[in-house]
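# Chains, contacts and geometry: an overview
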Amino acid sequence: MTEENILEVSHLTKIYGREMTVAGRKFGRRVVGARDVSFSVRRGEIFGFLGPNGAGKTTTMRAILDYLHIQEGSVTVFGMDHHRDALEIRERIGYVPGDLALYGNFTGEELIKYFDGFRPVDRDYLRELRSVFRVDLSLKIKAVSTGNRQQVGLMLALASKPDFLILDEPTSGLDPLMAASAHRLFKEFKEEGKTIFLSSHDLAEVQAVCDRIGIIKEGEMILVEEVENLVSKFLQNVRVSFTSEIPDLETLEAIDSVISAEAEDEDTLLLKVKEDINELLRFLTNYELDRLSIEDATLEEIFLQYYE
Amino acid sequence: MRVYLTNLRKGWKGGVLMPFFVSLIVPIMAGIWPSMKDQMAAFSEILKNPIYQALLGQLGLMDMTTWQGMFYMYVGICMEWAIVFIAILIPARIVASEVDKNTLDVTLSYPIPRWRYLLEKFMVYATYNLLYPAFVIVLAVVSTNSIGETLDMTVLLHTMIGFWLWLFALGALSLLCGTLFLESNRALSASGALILIQYLMTRLGDLGDLSFLKDYTVFNYVSTGTIIQNGGIPMNELAVVVGVGVAALAAALYVFQKRELAY
């Protein structure tokens, strides 16, 4: 672990279930939760963790928190082993689970007081949080809406001003105004040198707050990249209009960097190109072009490409 | 002690009302005793039927013509059944209900050892269980005085301690089922099977040839019948019940501390 890395996940593998073969018949079922996942989160950054449903985001987060036993690999948080030093680590982290559930017969105030006994709340910061989140803390949790419950969950995670926040879809259920307030708080956290590891399906949120992202798919980490680089480097939309002959779509798709090619109309093609565009440009010199435009793809297009 | 104190405060309604309602059997019995007293000799004859004897176990050996005999028979039956249901339903769900509702994820992200969290929650159960003997003792003293009868206070105290020890030991077994199975339905099925089978073995053991079955059940030790015959709790039986309870509790704490929370 380097000084800069708050979280280091190395070759994490988690397989659920068991499979047995008795007399040639298979019993049980193995499901890959995460396979050989490696990444690190640096001090003072907001790392976005993305992937389709069931890709392994929550498994990875729960493994980091030592709720799950991993079969292979290692996880260190603040340079400490996530299993052996779990209590020490938990003194310095805040967590909002994806499917947030809080004790329904407690009020928000009671929950803050209850958890204050485990990890002391920063009173001044709690006052600030009360002004940001507009949730009535005197109400029992079972009586408040999903969005308000999410706000209480965020308050609980943030109130002790932990060094490291693990947030599984932290703004799901929040209205846009509250989500924006949460984003502002995340950025303030980052400015104070604290670190956030968050999963989200909200790409606007990822683009707005994250420094780097990791994409996980079918239990495997397929990309870790700076958000800025991702947009400029990873996918471009190339629109080409031809004056005469149009190249065959299959030939175009055979070029390594071309992900897809489709005809917009009879003389214009729209190509999605990954990384190096030069090979495509060289190929196009064989044709007479009317117009050529190259645009960065949106983050959404990039994610969809990785998700599919 | 934050978990213990908070849950003690939060659970007071169920924790106090249940023992109160169960203990109401005492004043009800005292109320009907004067009019039933003369019929108890005939009733005792009926209870000599082997089926009743098997159903009642050692409680069936009580002298029903006395207030003490009737008191212990009815309180014994009532408490046994209350204990069966309480021990099956409450401790097995201490963990399982949190797993069902998904509330453990947030709680365990705080720096509290899992075993301590579970122990403090079990202590809430054990504390409220003290109210069963407490209410019965208070109401027994008041009711007995009000009808002009007598009860051996030492036996009463020891009997009630015996009931609490059953709640503790069976509750710890039920808690172990909860930590092993995590999910409510499976945890309740396991604890229900474990406790009801013990109860059934005790009853079958009273049939004579199957008496060896009783040796393997918690209900066979520190039972009301034995305490009355002995004039107090036999120390060897106390050791068995406490031993089972402590071992089951330690196993539950160990399992919960070590096990994976995959759900």
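One structure accompanies this document, and this report is about it. Counting restarts for each chain, with residues numbered from 1 along the sequence as it is written. The naming scheme follows written order: chains are lettered A onward, ligands numbered 1 onward. Where totals are concerned, whole chains, interfaces and linings use all residues; where local detail is concerned, this predicted model gives features only for residues with pLDDT of at least 70, and gives and counts side-chain atom pairs only at 80 or more. Computation of side-chain values: all heavy atoms of the structure, hydrogens and water removed.

## Some details on the overall build of chain B
Operational definition: A run of DSSP states H or I qualifies as a helix once it reaches four residues; a run of E qualifies as a strand once it reaches two. Both are numbered from the N-terminal end. The globule rule is 2.2 Å times the number of residues to the power 0.38, and the radius of gyration it is compared with is taken over C-alpha atoms. Burial classification: accessible surface area is computed with a 1.4 Å probe over protein chains only, and a residue below 20% of its type maximum counts as buried, one above 50% as exposed, and the rest as partly exposed. Contact criterion: two residues are considered in contact whenever any of their non-hydrogen atoms come within 4.5 Å of each other. Here the accessible surface of atoms and residues is derived via Shrake-Rupley with a 1.4 Å probe, and residues count as covered only by protein chains that are part of the display. Charged-residue counts in this description rest on Lys and Arg as positive and Asp and Glu as negative, His and the chain ends being excluded. For charged residues, the charge sits on one atom: NZ in Lys, CZ in Arg, CG in Asp, CD in Glu.
A tally of regular secondary structure across chain B gives 14 helices and 0 strands. Each helix (α) and strand (β) of chain B, taken in turn from the N terminus, gives the series α-α-α-α-α-α-α-α-α-α-α-α-α-α. At 20 Å, chain B has a C-alpha radius of gyration in line with the 18 Å of a compact globule built from 263 residues. Counting only C-alpha atoms and orienting by the principal axes, one finds that chain B spans roughly 65 × 45 × 30 Å. Per-residue burial over chain B gives 53% buried out of 263 residues. Partitioning the intrachain contacts of chain B with sequence separation of at least 6 by distance along the chain shows that 76% fall at a separation of at least 24. Counting every atom, chain B has about 11,400 Å² of accessible surface; 68% of that belongs to carbon and sulfur. Taking the average location of the 16 positive side-chain charges in chain B and that of its 16 negative ones, the two points are 14 Å from each other.

## A closer look at the interface of chain B and chain A
Note the cut-off: Joining two parts hides part of their accessible area as seen by a 1.4 Å probe, and the buried area is that hidden amount summed over both. Note on definitions: salt bridges are taken to be side-chain nitrogens of Lys or Arg within 4 Å of carboxyl oxygens of Asp or Glu.
On the side of chain A, 28 residues touch chain B, which itself brings 28 residues to the contact. Taken over both partners, the interface formed by chain B and chain A buries close to 2,600 Å², and the fraction arising from carbon and sulfur atoms is 55%. If you look at where chain B meets chain A, you find 4 salt bridges. For lysine 14 of chain A, the salt bridge is made with glutamate 260 of chain B, and the minimal N-O distance between the two is 2.5 Å.

## Structural notes on the side chain of glutamine 198 of chain B
Mapped onto the fold, glutamine 198 of chain B is located in helix α12 (residues 184-205). Those residues in contact with glutamine 198 of chain B that sit more than four places away from it in its chain are Leu170, Leu173, Tyr216, Thr217, Val218 and Phe219 of chain B.

## Here's the deal with the pairing of strand β13 (residues 236-242) of chain A
All names here are of chain A. Put simply, the rule reads: For two strands to be treated as a pair, DSSP must find at least two bridges joining them.
Of all 7 residues in β13, 6 are buried; the element is thus mostly enclosed. Judged from the 6 bridges that link them, β13 and strand β15 (residues 268-273) form a sheet pairing that is antiparallel. Counterpart to arginine 239 in the pairing with β15 is leucine 270. Where β13 and strand β16 (residues 289-296) come together, 7 bridges link them in antiparallel fashion. Paired with valine 240 across the two strands is leucine 292, which belongs to β16.

## Focus on the environment of methionine 201 of chain B
Its place among the elements puts methionine 201 of chain B in helix α12. In this structure, the C-alpha to C-alpha distance between methionine 201 of chain B and threonine 217 of chain B, residues 16 residues apart in sequence, is 7.0 Å.

## Quick look at a nonpolar patch on the surface
Convention followed: Patch members must show over 30% relative accessible area and no salt bridge, and they are joined within 9 Å when carrying like charges or within 5 Å when they are nonpolar side chains of Val, Leu, Ile, Met, Phe, Trp or Tyr.
Together, Leu200, Leu204, Leu207, Leu210, Phe212 and Tyr216 of chain B line one region of the surface with nonpolar side chains, adding up to about 610 Å² of accessible area. Judged by relative accessible area, leucine 200 of chain B falls into the exposed class, the value being 54%.

## Observations regarding the layout of surface pockets
What counts is decided by this rule: Definitions used throughout: a 1 Å grid over protein atoms alone; a cavity as a set of points that fits a 1.4 Å probe which cannot get out; a pocket as an open set with protein on both sides within 12 Å along at least five of seven lines; a lining residue as one with an atom within 4 Å of a point. Grid points are joined across faces, edges and corners, and a volume is the space filled by probe spheres set on the points. For this scheme, ten residues count as nonpolar: Ala, Val, Leu, Ile, Met, Phe, Trp, Tyr, Cys and Pro. Four count as charged, namely Asp, Glu, Lys and Arg, and the remainder, Gly too, count as polar.
Its volume calculated, the largest pocket comes out at about 970 Å³. Taken together, 32 residues line the largest pocket, and the ones lying closest to its centre are Asn105 of chain A together with Asn7, Gly11, Ile90 and Lys121 of chain B. Tallied by class, residues from the lining of the largest pocket come to 16 nonpolar, 9 polar and 7 charged.

## Focus: the sheet that holds strand β12 (residues 220-226) of chain A
Residue and element names in this part refer to chain A. Quick reminder of the rule: Here an angle of 0 to 180 degrees is reported between the N-to-C directions of two axes, which are lines fitted to C-alpha atoms, with helices fitted over the stretch in contact.
Here we have 6 strands laid out as an open sheet, ordered β8-β9-β10-β5-β11-β12, and mixed in their pairing. Both outer strands of the open sheet, β8 (93-96) and β12, are each paired with one neighbouring strand and no more. Sheet twist, expressed as the mean angle between neighbouring strand axes with direction ignored, is 15 degrees. In terms of strand pairing, strand β5 (residues 46-50) meets strand β10 (residues 195-199) through 4 bridges, oriented parallel. Across the sheet, phenylalanine 47 pairs through a bridge with phenylalanine 197, a residue of β10.

## Points about helix α1 (residues 57-64) of chain A
Residues and elements named next belong to chain A. Counting buried residues along α1, 7 of its 8 residues qualify, which places the element largely inside the surrounding structure. All of the buried residues in α1 are Lys57, Thr59, Thr60, Met61, Arg62, Ala63 and Ile64. Looking one or two residues past α1, aspartate 66 carries a phi angle of roughly 65 degrees, positive in sign.

## Structural notes on the sheet that holds β15 of chain A
All names here are of chain A. Reading across the sheet, the 4 strands line up as β14-β15-β13-β16 and stay open at both edges, with antiparallel pairing between neighbours. At either end of the open sheet lies a strand with only one pairing partner, and these are β14 (258-265) and β16. Between one strand axis and the next, the sheet turns through 15 degrees on average, direction left out of account.

## Points about the packing of aromatic side chains
Short version of the rule: Planes of paired rings set the category: under 30 degrees apart is stacked, over 60 is edge-to-face and the rest tilted, where pairs are Phe, Tyr or Trp rings (Trp by its six-membered ring) whose centres lie within 6.5 Å. By definition, being over a ring means that NZ of Lys or CZ of Arg is both within 6 Å of the ring centre and within 35 degrees of the ring normal.
On inspection of all chains with the given rule, the structure shows 31 aromatic pairs over all chains. By the ring-pair criterion, three or more aromatic residues cluster together here, those being Tyr103, Phe106, Tyr114, Phe115 and Phe118 of chain A together with Tyr110 of chain B. One Lys or Arg, arginine 92 of chain A, reaches over the ring of phenylalanine 78 of chain A and ends 3.8 Å from the middle of that ring. The aromatic ring of tyrosine 125 of chain A is capped on one face by lysine 161 of chain A, whose charged end is 4.6 Å from the ring centroid.

## Looking at unusual backbone geometry
All names here are of chain A. The residue alanine 23 is not glycine, and still its phi comes out positive at about 50 degrees. Residue position: alanine 23 is located in the loop between β2 (19-22) and β3 (25-28). According to the relative accessible area criterion, alanine 23 is exposed, its value standing at 80%. Residues other than glycine seldom take positive phi values, yet aspartate 66 does so here, at roughly 65 degrees. Looking at the element boundaries, aspartate 66 is found in the loop between α1 and β6 (72-77).

## Notes on empty space enclosed by the protein
Rolled over the atoms, a probe sized like a water molecule indicates the empty space that remains. Going through the model one piece at a time under the given rule, you end up with 3 cavities of 30 Å³ or more. The calculated volume of the second largest cavity comes to roughly 50 Å³. Forming the boundary of the second largest cavity are Ile112, Phe115, Asp116, Arg119, Val121, Leu156, Ala159 and Ser160 of chain A together with Tyr110 of chain B. Those elements that provide at least two residues to the lining of the second largest cavity are α3 (108-116) and α5 (146-159) of chain A. The element contributing the most residues to the lining of the second largest cavity is α3 of chain A, with 3 residues.

## Structural notes on the packing of helix α3 (residues 25-36) of chain B against helix α10 (residues 131-146) of chain B
Relative placement of two packed helices is described by the angle separating their axes and the distance separating the axes. Residue and element names in this part refer to chain B. The condition is simple: In this scheme, roughly parallel covers angles under 35 degrees and roughly antiparallel covers those over 145, while 65 to 115 is roughly perpendicular and the rest are oblique. Take the far helix as your reference; a near helix turned counterclockwise from it by less than a right angle gives a left-handed crossing, and one turned clockwise gives a right-handed crossing.
Orientation of α3 relative to α10, taken along the N-to-C sense of each, is 20 degrees, at an axis distance of 8 Å. Between α3 and α10, the crossing angle belongs to the class labelled roughly parallel. With respect to the hand of their crossing, α3 and α10 are arranged in right-handed fashion. Residues Val26, Pro27 and Ala30 of α3 pack against Val136, Leu139, Ala140 and Ser143 of α10. Classifying every residue of the contact of α3 with α10 by side-chain character gives 6 nonpolar, 1 polar and no charged.

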